[in-house]
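Next come the chains, spelled out residue by residue.
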Amino acid sequence: MKTYYTKKEYENLMTYFTILVDTQEKNNKEIIDWFCRNNINYKCKSLKTGDYSFMIQKCPELGFLTDTYFSDELCIERKNSVSELAGNIANASKDDDRIFKEFNCMINVEKNYLLIENDNIEDIFTENYKSKLNPTSFLRTLLTWQNRNKMHIYFIKREYMGRIIYELCKNCLDSKILK
């Protein structure tokens with residue numbers, strides 16, 4: 001659906017751009033506050049996979065005859081910490097493999113991102129997380145899923161999480177609609 005937009009049309013289109021926030025997403029007040037401070041439209045909606053994606057609201061004058069969802073093109077999964085992710089992986093068999101089911105759903109999504117707040121890769125190497133999960137197993141599990149899903153894994157400070165979510169969504173939109 002690539003097309004040409006004038007600068008004015010593109011600016012108009014961005015008024016219909018809306019970030020989707022999964023209704024089960026928790027502890028995201030800082031992200032929502034960032035969206036509000038920066039006049040970014042967002043909508044809470046149950047997503048089939050991931051915590052964030054985006055849509056373009058209906059605007060026939062710009063070629064979007066109905067609300068257009070890009071959840072098959074972009075999936076952003078957010079974790080509050082390396083500890084949360086380690087706990088999800090370590091407890092996979094106890095909670096019906098929920099984290100792996102989530103990752104499996106991401107396989108058919110074009111662009112996948114796993115965003116981990118406030119920590120870094122060194123926290124895995126040094127076992128600086130609250131779980132008995134072996135660091136080698138933890139790292140290999142992440143690398144396996146990264147390869148399987150073509151998933152990008154980013155470690156982001158909490159104060160930048162809203163911005164990176166917005167930029168990932170906007171970048172995906174631009175790659176889909178702009179020539």
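I will try to describe carefully the structure that is included in this document. (Residues numbered from 1 in each chain as written. Predicted model: local features only at pLDDT ≥ 70, side-chain atom pairs only at ≥ 80, totals over all residues. Heavy atoms only, no water.)

1. Structural notes on the overall build of the chain
For step 1, the next point in the chain: Summing up its helical and strand segments, the chain has seven helices and seven strands in all.
For step 2, the next point in the chain: Its helices and strands taken in sequence order, the chain reads α-β-α-β-β-β-β-α-α-β-α-α-β-α from the N to the C terminus.
For step 3, the next point in the chain: Here the chain has a C-alpha radius of gyration of 17 Å; the compact-globule value for 179 residues is 16 Å, and the two agree.
For step 4, the next point in the chain: Seen through its principal axes, the chain has C-alpha atoms that stretch 55 × 30 × 25 Å.
For step 5, the next point in the chain: Expressed as a percentage of the 179 residues in the chain, the buried residues total 46%.
For step 6, the next point in the chain: Sequence-distant contacts, at least 24 apart, represent 75% of the contacts inside the chain between residues at least 6 apart.
For step 7, the next point in the chain: Accessible area of the chain: about 10000 Å², with a carbon and sulfur share of 47%. (Helix = DSSP H or I, 4+ residues; strand = E, 2+ residues; numbered from the N terminus. Rg over C-alpha atoms; globule rule 2.2 N^0.38 Å. Buried < 20%, exposed > 50% of the residue type's maximum accessible area, 1.4 Å probe, protein only. Contact = heavy atoms within 4.5 Å. Areas by Shrake-Rupley, 256 points an atom, 1.4 Å probe, with all protein chains shown as cover.)

2. Considering the pattern of salt bridges
For step 1, the next point in the chain: Across all of its chains, the model carries nine salt bridges by this definition.
For step 2, the next point in the chain: With its nearest N and O atoms 2.6 Å apart, the salt bridge here joins Arg78 to Glu25. Here Glu25 lies in the loop between β1 (17–22) and α2 (29–37) and Arg78 lies in strand β5 (residues 74–79), a separation of 53 residues in the sequence.
For step 3, the next point in the chain: What makes Arg78 buried here is its relative accessible area of 3%.
For step 4, the next point in the chain: In this structure, Arg78 and Glu117 form a salt bridge, with 2.6 Å as the shortest nitrogen-oxygen distance. One end of the pair, Arg78, is in strand β5; the other, Glu117, is in strand β6 (residues 111–117), and 39 residues separate them in sequence. Assigned by exposure class, Arg78 and Glu117 land together as buried. (Salt bridge = Lys/Arg side-chain N within 4 Å of Asp/Glu carboxyl O.)

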